[in-house]
Amino acid sequence: MGEHLHDHAVVPRTDEEKDKVMNRLKRIEGQVRGIQKMVDEDRYCVDILVQISAIQSALKNVGYTVTERHMKHCVTDAITKGEGEDSIEELMAVLKQFSK
């Protein structure tokens, strides 16, 4: 378990949830490969920066999706079990990291 409260989600992700996140991540992966190609082709720096910004935004949106699910399932479950304080502290620590 390490430093985290749980090794796995309290409520396993549905196939639809997994597919949605995986598809987003695959699109991001494609965008990263696109930037690699842009660098290799000596494309204009501003065009590369715009693409980097788009990737950062896409990753943040994936993070928000995962955070929302965590709050609705894992944190809610912890509160029900009387372990809410630890779960909230864990979430706040990762959100501080996420917002850097």
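Residues numbered from 1 in each chain as written. Predicted model: local features only at pLDDT ≥ 70, side-chain atom pairs only at ≥ 80, totals over all residues. Heavy atoms only, no water.

Q: Where do I start with helix α1 (residues 15-40) in this structure?
A: Side chains three or four residues apart in an α-helix point the same way, a direct result of the helix having 3.6 residues per turn. The first and last C-alpha atoms of α1 sit 37 Å apart over 26 residues, in line with the 38 Å expected at 1.5 Å per residue. Restricting attention to buried positions, one finds in α1 the residues V21, I28, I35 and M38. Against α2 (45-80) lie the buried residues of α1. (Helix = DSSP H or I, 4+ residues; strand = E, 2+ residues; numbered from the N terminus. Expected span 1.5 Å × (residues − 1). Buried < 20%, exposed > 50% of the residue type's maximum accessible area, 1.4 Å probe, protein only. Contact = heavy atoms within 4.5 Å.)

Q: Looking at this model, I keep getting lost on unusual backbone geometry. Mind explaining?
A: Excluding glycine, a negative phi dihedral is what most residues carry, and trans is how most peptide bonds are arranged. Here D42, not a glycine, exhibits a phi torsion of approximately 55°, which is positive. Structurally, D42 can be placed in the loop between α1 and α2. What makes D42 exposed here is its relative accessible area of 70%.

Q: What is the right way to read a negative patch on the surface from this model?
A: On the surface, E83, E85, D86 and E89 cluster together into a negatively charged patch. Relative to the assigned elements, E85 resides in helix α3 (residues 84-98). On the basis of relative accessible area, E85 is assigned to the exposed category, the value being 54%. (Patch = residues over 30% accessible without salt bridge, like charges linked within 9 Å, V, L, I, M, F, W, Y side chains within 5 Å. Areas by Shrake-Rupley, 256 points an atom, 1.4 Å probe, with all protein chains shown as cover. Salt bridge = Lys/Arg side-chain N within 4 Å of Asp/Glu carboxyl O. Lys, Arg positive; Asp, Glu negative; His and termini not counted. Charge placed at Lys NZ, Arg CZ, Asp CG, Glu CD.)

Q: How should I be thinking about the packing of α1 against α2 in this particular structure?
A: Each pair of packed helices gets described by two things: the angle between the helix axes and the distance between those axes. Their axes nearest at 10 Å, the elements α1 and α2 cross at an angle of 165°. Compared by their axis directions, α1 and α2 come out roughly antiparallel. Of the two elements, α1 crosses α2, and the hand of that crossing is left-handed. Judged by residue contacts, E17, V21, R24, L25, I28, Q31, V32, I35, M38 and V39 of α1 engage D47, I48, Q51, I52, A54, I55, A58, L59, N61, V62, T65 and R69 from α2. (Axes fitted to C-alpha atoms, helices over the stretch in contact; angles between N-to-C directions. Parallel < 35°, antiparallel > 145°, perpendicular 65-115°, else oblique. Left-handed = near helix turned anticlockwise from the far one by under 90°.)

Q: When you look at α3 in this model, what are you seeing that I'm missing?
A: Between its terminal C-alpha atoms α3 stretches 20 Å, which fits the 21 Å expected from 15 residues at 1.5 Å a residue. Those residues of α3 that sit buried are G84, S87 and L91. Within α3, the buried residues cover an arc of 65° as seen down the axis, which keeps them to one side. Away from its buried face, by an angle of more than 90 degrees, α3 presents the exposed residues E85, K96 and Q97. Buried residues in α3 make contact with α2. (Arc of directions from axis to C-beta.)

Q: Can you walk me through the nonpolar core in this structure?
A: Looking at soluble globular proteins, one finds that nonpolar side chains tend to be buried together. Counting residues in each nonpolar core, the largest one holds eight residues, listed as V21, I28, I35, M38, I48, I55, A58 and V62. Elements represented by at least two residues in this core include exactly α1 and α2. If we ignore the near neighbours within four places in the chain, the residues touching I35 are I48, Q51, I52 and I55. (Core = buried A, V, L, I, M, F, W, Y, C linked by side-chain atoms within 4.5 Å.)

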